[in-house]
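Residues per chain are reported as follows:
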Amino acid sequence: MGDMHICLICKPKNIVMSAENKEYSFEFERNAMKKLSIMLNNGCQSECWTFYKMAIIETLDQADLWLCSHMNYYVTENHAGRFGDCGEQYGMEYFDSILDFNCIHISEVPPRLVIDRIKREIDENKYVIVFFDYGQLYQMEQYIHELMIYGYNERGFICAVLNGGRFVESIIEYNSVEQGYLQAYNFFMSNGWELLWRRAFFFGITSISPRKEYKNDNVLYDFVKKLRAELKGGKIEIETRDFVTAETTTKTCYCGTSALTFLASEFDSENTSRWKDDKGKRYMTLLALKTAFEHRKQLLRNMRFVQRYVHAESSELMAETINLYSDAITNVERVYLLFYKYCCTRDDEILSSISDLCSNQYNVERPLLQKFEDALWPYYYSLNGVPMPND
């Protein structure tokens, strides 16, 4: 589910691009009837199931508070790079402290009633995730995937749709939403297991409202734990049980900065033959690198928030470390772009360059993360009203 993405090359007739496109901006504002706050340009574009949640969270005042103690990164031996902990992706329960997820069974919402039900949820200031057949929308084979809806007007529902690798605001006509839901409804009613394994991410229809009362008085402790998890990293072997087949397999994962050393070895010149004809592996690796960069941008955001939180704006050491880390993580974006170039050219010399960059990045990042922790401690003690030990 999460590894596949719809990438629009042309705009179907029953989708109208939103106010983000200047040519539609004035008309869009005149016709708007109900639209909830949304952050489409959020810190997670690589995972659709995480993007939808972050698009809501980042509209909240408590977003930085929550992010400081959440969202780690790992990569598997098969190059699946994810936001998660020790090889486990984040399901709905991970976000439960800041988002309220409500289950609406598809059996209770036949296709003829889905339009009114979605409007009712939006009128109650709830975001809606429905499963939807993108195939009928883009004139291709059936493809059941989530659709995030957060508003409506005379023309249709206001939705987040992936376009060219990023989510954009689009309007999908009511009839198209009903038809797409109809296909998903029939599919799940005939294939119940297909809906159940998706429950880790969303219900048949998911209604989401933010928990605006979220608080965390222990955010500094949680951030230090997150920072140390990134610093320490490590190789982890875990046993996983398939939800559908119940088969048990062993999975190897690399967490924190250790993911960089693993990727460096994978891009080594001795392994270049693996990449030539394995399109699936190239695609998974590209997403893993994109997620790695997004994760580091979130860490940078955490550092800046913590600096404000402990009133350390005047700390030259902390400011210098933040600036150095900001410069350093651009190399991870460079790795992502270089690998994209490799996918287009199959030039083995590019892989060698990527391997060197990953190795160097590991040697640069770890001292900076440690330096930030060291700079934080005096403020941490001061904020807790106790003296910092001399040793």
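In this text, all values refer to a predicted model and were calculated from it rather than measured experimentally. (Residues numbered from 1 in each chain as written. Predicted model: local features only at pLDDT ≥ 70, side-chain atom pairs only at ≥ 80, totals over all residues. Heavy atoms only, no water.)

> I'm lost on the confidence of the model for the protein chain in this one. Help?
Segments scoring low in pLDDT should not have their predicted coordinates read at a detailed level. When pLDDT is averaged along the protein chain, the result is 88, and 90% of the positions lie at 70 or above. No element of the protein chain has a lower mean pLDDT than helix α1 (residues 25-31), which averages 38, and none a higher one than strand β11 (residues 205-210), which averages 98. Counting interchain partners and residues more than four positions distant, the pLDDT-below-50 stretch residues 1-13 has 41 contacts. Segment residues 17-31: pLDDT under 50, and 29 contacts once partners within four positions in sequence are set aside and those in other chains are kept. (pLDDT = per-residue confidence, 0-100. Helix = DSSP H or I, 4+ residues; strand = E, 2+ residues; numbered from the N terminus. Contact = heavy atoms within 4.5 Å.)

> Looking at this structure, I do not really get the sheet that holds strand β12 (residues 234-241). What am I missing?
In any sheet, the strands associate via hydrogen bonds between backbone groups, in a parallel or an antiparallel arrangement. If you walk across this open sheet you meet the five strands as β5-β4-β3-β13-β12, and the pairing is antiparallel. The open sheet is flanked by β5 (88-89) and β12, the only strands paired with a single partner. Bridge analysis of strand β3 (residues 73-76) against strand β13 (residues 248-255) gives three bridges, and the strand direction is antiparallel. Note that in β13 the partner of valine 75 across the bridge is tyrosine 254. Set on the sheet, helix α9 (residues 258-266) makes contact with β3, β12 and β13; between it and β13 the angle comes to about 105 degrees. (Pairing = 2+ DSSP bridges. Axes fitted to C-alpha atoms, helices over the stretch in contact; angles between N-to-C directions.)

> When you look at empty space enclosed by the protein in this model, what are you seeing that I'm missing?
In this approach the atoms are scanned with a rolling probe the size of a water molecule, which exposes any empty space left behind. Applying the stated criterion across every chain, the model contains two cavities of 30 Å³ or more. By volume, the second largest cavity amounts to about 60 Å³. Every residue along the wall of the second largest cavity is listed here: Leu260, Leu263, Leu289, Ala292, Asn331, Val332, Val335, Leu357, Cys358 and Gln361. At the level of secondary structure, the elements contributing two or more residues to the lining of the second largest cavity comprise α9, α10 (279-309), α12 (330-345) and α13 (348-383). Taken together, the residues of the lining of the second largest cavity break down into eight nonpolar, two polar and no charged. (1 Å grid on protein atoms, 1.4 Å probe; cavity = no way out; pocket = protein on both sides within 12 Å on 5 of 7 lines; lining within 4 Å. Points joined across faces, edges and corners; volume = space filled by probe spheres on them. Nonpolar A, V, L, I, M, F, W, Y, C, P; charged D, E, K, R; others polar.)

> So what exactly am I meant to see when it comes to the pairing of strand β9 (residues 156-163) here?
The side chains of a regular strand alternate, residue by residue, between the two faces of the sheet. With seven of eight residues buried, β9 is to be regarded as a mostly interior element. Here strand β8 (residues 144-153) runs beside β9; their pairing, made up of four bridges, is antiparallel. Following the sheet pairing, methionine 148 is matched in β9 by alanine 160. Between β8 and β9, which follow one another and run antiparallel, lie two residues. Where β9 meets strand β10 (residues 166-173), eight bridges bridge the pair, whose relative direction is antiparallel. Bridging across to β10, cysteine 159 finds its partner in serine 170. Linking β9 back to β10 in an antiparallel pair, the connection comprises two residues, with glycine 164 at a positive phi of about 65 degrees. (Buried < 20%, exposed > 50% of the residue type's maximum accessible area, 1.4 Å probe, protein only.)

> Is there a simple way to explain the packing of aromatic side chains in this structure?
The geometry of an aromatic ring pair comes down to the distance between the two centres and the angle between the two planes. In the structure shown here, the tally under the stated rule is 25 aromatic pairs. An aromatic cluster of at least three residues, connected via ring pairs, comprises Phe51, Tyr52, Phe167 and Phe202. Here the basic side chain of lysine 53 rests over the ring of phenylalanine 202, its NZ or CZ set 4.4 Å away from the ring centre. (Phe/Tyr/Trp six-rings, centres within 6.5 Å; stacked < 30°, edge-to-face > 60°. Lys NZ or Arg CZ within 6 Å of the ring centre and 35° of its normal.)

> Would you mind going over the side chain of glutamate 121 with me for this structure?
Within the secondary structure layout, glutamate 121 lies in helix α4 (residues 114-123). When sequence neighbours within four positions are dropped, the list of residues in contact with glutamate 121 reads Ile104, Lys126, Val128 and Ser207.

> Explain helix α8 (residues 219-232) here, please?
Because an α-helix packs 3.6 residues into every turn, residues spaced three or four apart end up facing the same way. Its 14 residues give α8 an end-to-end C-alpha distance of 20 Å, which sits within 8% of 20 Å, the value for a rise of 1.5 Å per residue. Against the buried residues of α8 lie α3 (63-67), α10 and α13. Once α8 finishes, glycine 233 follows within two positions and takes phi at roughly 55 degrees, a positive value. (Expected span 1.5 Å × (residues − 1).)

> It is not clear to me how unusual backbone geometry should be interpreted in this structure. Could you clarify?
When glycine is set aside, most residues are seen to have a negative phi, and most peptide bonds are trans. The phi torsion at glutamine 139 lies on the positive side, around 55 degrees, for a residue other than glycine. Within the fold, glutamine 139 resides in the loop between α5 (134-138) and β8. Residue class for glutamine 139 comes out exposed when judged on its relative accessible area of 64%. Notably, histidine 311 is not glycine yet its phi reads approximately 60 degrees, a positive angle. Examined against the element boundaries, histidine 311 turns out to sit in the loop between α10 and α11 (316-328). Here histidine 311 falls in the exposed class, since its relative accessible area comes to 58%.

> What am I meant to see in the packing of α11 against α13 here?
Packed helices, taken two at a time, are described by the angle between their axes plus the distance between the axes. Direction vectors running N to C along α11 and α13 enclose 155 degrees, while the axes themselves pass 9 Å from each other. In terms of orientation, α11 and α13 fall into the roughly antiparallel class. Along this stretch, α11 crosses α13, giving a crossing that reads as left-handed. In this structure, α11 uses Leu317, Met318, Glu320, Thr321, Ile322, Leu324, Tyr325 and Ala328 to contact α13, whose residues at the interface are Gln361, Val364, Glu365, Leu368, Leu369, Lys371, Phe372, Ala375, Leu376 and Tyr379. (Parallel < 35°, antiparallel > 145°, perpendicular 65-115°, else oblique. Left-handed = near helix turned anticlockwise from the far one by under 90°.)

> I keep staring at the nonpolar core and nothing clicks. Help me out?
Considering soluble globular proteins, one finds that nonpolar side chains tend to be buried as a cluster. Membership of the largest hydrophobic core comes to 122 residues, with the highest contact counts inside it found for Trp66, Phe95, Met148, Phe157 and Phe339. Per-element tally for this core: the top contributor is α13, with eleven residues. In contact with phenylalanine 339, other than residues within four places in its own chain, are Phe267, Trp275, Arg282, Thr285, Leu286, Leu289, Leu351 and Ile354. (Core = buried A, V, L, I, M, F, W, Y, C linked by side-chain atoms within 4.5 Å.)

> Help me out: how do you make sense of the side chain of glutamine 361 in this one?
Position of glutamine 361 relative to the elements: it lies in helix α13. Excluding residues within four positions of it along the chain, glutamine 361 makes contact with Leu260, Ala328, Ile329, Asn331 and Val332.

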